[in-house]
Amino acid sequence: MAAIKYQSLVKELLSLAEIEINGSKPWDIQVHDERFYKRVITEVELGLGESYMDGWWEVEKLDEMIYRIVRADLQKKAKRNLKIALRLAGFYLFNMQSRHRAFIIGERHYDLGNDLFQNMLDKRMNYSCAYWKNADNLDEAQENKLDLICKKLYLKTGMRVLDIGCGWGAFGKYAAEKYGVEVVGITVSKEQVILGKELCRGLPVELHLQDYRDVDEKFDRIVSVGMIEHVGYKNYRTYFKVAERNLKDDGLFLLHTIGEVRSTKSTDAWTHKYIFPNGMLPSIAQLAKAVENLFVIEDLHNFGADYDKTLMAWFNNFNSNWDKIKNKYSERFYRMWKYFLLSCAGAFRARNKNQLWQIVLSKRGIPGGYFSIR
């Protein structure tokens, strides 16, 4: 009787997003294990993701299914139980992104293997949203994004730039090559430092394995692309104080970040467990509060719809190159990574939850005003 109840609840919820169980549409779920129903109702996002990893269900267009779930706001209709609440309690009780925990994300995500990311990303190794305006492919769209950042920062030859969360040095390499600047990049990933130094060899680009709180040096410009998602709401103010301390008075700071339309203090349980441990997305309200009396917000640019195309391009690369790397990873990892990329694409496609912002900040306000670039 309980099994029938769970099945009925799942069908009822999914019908709100026009998704059927064992239906004929590409976004309809095909259930292979009846335990799926109870797992989804009792464990919500964690149960949905883990049951997919375990092969309990399949869907032809995973991205389209998630798009419909997010667009219908089903997350708000499905209640988390005590087990899930306890799993996420650390976000409220502790500083999950403290100095001594800062390197966990590097070890568990970015150090998964440079070969994985080389077979998924563009040729410059950008692991953040591309800018698809007038671009025909991922390489062009990522170069567009790098050039957009450089232009928004009004880079000039000889400037010194701090890149907080530098990844494999994609921005540093591009900015040094095209704009003649010197770049110091910091990351918490050992693998990123190793490959990044190789990719930036011969250029005025330094990459360091370092927590952002330990930087103490003046720069003409600061950029941070896709890193504040790992900072945590308890540390936003500290993060911006560090940026303010290290930026010259007439400097500019560009923040590129995924954002949430609602202020939250945790991520979902599946993402926390499998993809980005201790990560969380900021809201505009949280960021605005954190920069108060430190920075003037000169420009805010939302191009979150471009992340859908970026994630689909990453998945196509990952999927087509899987045979090259599958001996290093399991089939369950493949399903996990597929779920990660396609579910994120669907969430950005929905437009009512995840956003992508580029925010330009100055310390004292730009005399005469800041002129936006798109």
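Residues numbered from 1 in each chain as written. Predicted model: local features only at pLDDT ≥ 70, side-chain atom pairs only at ≥ 80, totals over all residues. Heavy atoms only, no water.

(A) Structural detail: the nonpolar core. By size, the foremost hydrophobic cluster in this structure holds 73 residues, and its most contacted members are Phe 36, Trp 57, Met 65, Tyr 127 and Trp 337. By residue number, the principal contributor to this core is helix 17 (residues 331-350), which donates 12 residues. Setting aside chain neighbours within four positions, we find Trp 337 in contact with His 109, Leu 112, Leu 116, Phe 117, Met 120, Tyr 127, Ile 275 and Phe 318. Within the second largest apolar cluster, 28 residues are counted, among which are Ile 186, Tyr 236, Val 291 and Leu 294. (Core = buried A, V, L, I, M, F, W, Y, C linked by side-chain atoms within 4.5 Å. Buried < 20%, exposed > 50% of the residue type's maximum accessible area, 1.4 Å probe, protein only. Helix = DSSP H or I, 4+ residues; strand = E, 2+ residues; numbered from the N terminus. Contact = heavy atoms within 4.5 Å.)

(B) Spotlight on helix 11 (residues 190-199). Among the residues making up helix 11, those that are buried are Gln 192, Val 193, Leu 195 and Gly 196. Residues of helix 11 that are buried in the fold lie against helix 7 (104-110), helix 8 (114-118), strand 4 (182-187) and strand 5 (205-209).

(C) Fine view of the packing of aromatic side chains. By the definition in use, this model includes 31 aromatic pairs. Taking the centre distance of 6.4 Å and the plane angle of 70° together, the rings of Phe 240 and Phe 295 count as edge-to-face. One end of the pair, Phe 240, is in helix 12 (residues 236-246); the other, Phe 295, is in the loop between helix 14 (284-291) and strand 8 (296-302), and 55 residues separate them in sequence. The ring of Trp 56 carries the charged tip of Arg 39 above its face, separated from the ring centre by 4.5 Å. Across from the ring centre of Tyr 52, 4.0 Å away, lies the NZ or CZ of Arg 335, which sits over that ring. (Phe/Tyr/Trp six-rings, centres within 6.5 Å; stacked < 30°, edge-to-face > 60°. Lys NZ or Arg CZ within 6 Å of the ring centre and 35° of its normal.)

(D) View of the pattern of salt bridges. Applying the stated rule across the entire model yields 29 salt bridges. Glu 50 is the salt-bridge partner of Arg 39, the closest N and O atoms lying 3.2 Å from each other. We note that Arg 39, like Glu 50, is buried. Lys 328 is the salt-bridge partner of Asp 115, the closest N and O atoms lying 2.8 Å from each other. On the criterion of sequence distance, the pair formed by Asp 115 in helix 8 and Lys 328 in the loop between helix 16 (322-325) and helix 17 is long-range, its members being 213 residues apart. The exposed category is assigned to Lys 328, whose relative accessible area is 57%. (Salt bridge = Lys/Arg side-chain N within 4 Å of Asp/Glu carboxyl O.)

(E) Focus on unusual backbone geometry. Here the phi dihedral of Asn 134 falls at roughly 60°; this positive angle occurs in a residue that is not glycine. Relative to the helices and strands, Asn 134 is located in the loop between helix 8 and helix 9 (138-152). Positive phi, close to 50°, is recorded for Tyr 154, a residue that is not glycine. Position of Tyr 154 relative to the elements: it lies in the loop between helix 9 and strand 3 (160-164).

(F) Summary view of the side chain of Lys 363. Examined against the element boundaries, Lys 363 turns out to sit in the segment after strand 9 (354-362). Taking the relative accessible area as the measure of exposure, Lys 363 reaches 13% and is therefore buried. Contacts of Lys 363, omitting those with residues within four sequence positions, involve Lys 218, Glu 244, Leu 247, Lys 248, Asp 249, Gly 251, Leu 294 and Phe 295.

(G) Quick peek at the sheet that holds strand 6 (residues 219-225). An order of 5-4-3-6-7-9-8 is seen for the 7 strands of this open sheet, with the pairing classed as mixed. At either margin of the open sheet sits one strand with a lone partner, and together these are strand 5 and strand 8. Averaged over all neighbouring strand pairs, the angle between strand axes comes to 15°, with direction disregarded. The sheet contact formed by strand 7 (residues 247-260) and strand 9 spans 9 bridges and is antiparallel. From the neighbouring strand, Glu 260 faces strand 9, where its bridge partner is Asn 354. (Pairing = 2+ DSSP bridges. Axes fitted to C-alpha atoms, helices over the stretch in contact; angles between N-to-C directions.)

(H) Inspection of a nonpolar patch on the surface at higher detail. A surface patch of nonpolar side chains, amounting to about 230 Å² of accessible area, comprises Ile 284, Ile 297 and Leu 300. Examined against the element boundaries, Ile 284 turns out to sit in helix 14. On the basis of relative accessibility, which here comes to 33%, the residue Ile 284 falls in the partly exposed class. (Patch = residues over 30% accessible without salt bridge, like charges linked within 9 Å, V, L, I, M, F, W, Y side chains within 5 Å. Areas by Shrake-Rupley, 256 points an atom, 1.4 Å probe, with all protein chains shown as cover.)

(I) Representation of the packing of helix 1 (residues 2-15) against helix 2 (residues 36-53). For the pair helix 1 and helix 2, interaxial distance at closest approach is 8 Å and the crossing angle is 65°. Relative to helix 2, helix 1 is oriented roughly perpendicular. Crossing handedness for the pair helix 1 and helix 2: left-handed. Packed against helix 1, whose contacting residues are Tyr 6, Gln 7, Leu 9, Val 10 and Leu 13, the element helix 2 presents Phe 36, Tyr 37, Lys 38, Val 40, Ile 41 and Thr 42 at the interface. (Parallel < 35°, antiparallel > 145°, perpendicular 65-115°, else oblique. Left-handed = near helix turned anticlockwise from the far one by under 90°.)

(J) Geometry of helix 14. Listed in full, the buried residues belonging to helix 14 are Gln 286, Leu 287, Ala 290 and Val 291. Down the axis of helix 14, the smallest arc covering the buried residues is 125°, so these residues share one side. Exposed residues pointing more than 90 degrees away from the buried face of helix 14 are listed as Ala 285 and Lys 289. Along its buried surface, helix 14 packs onto helix 12, strand 7, strand 8 and strand 9. At the exit of helix 14 stands Asn 293, carrying a positive phi of roughly 65°. (Arc of directions from axis to C-beta.)

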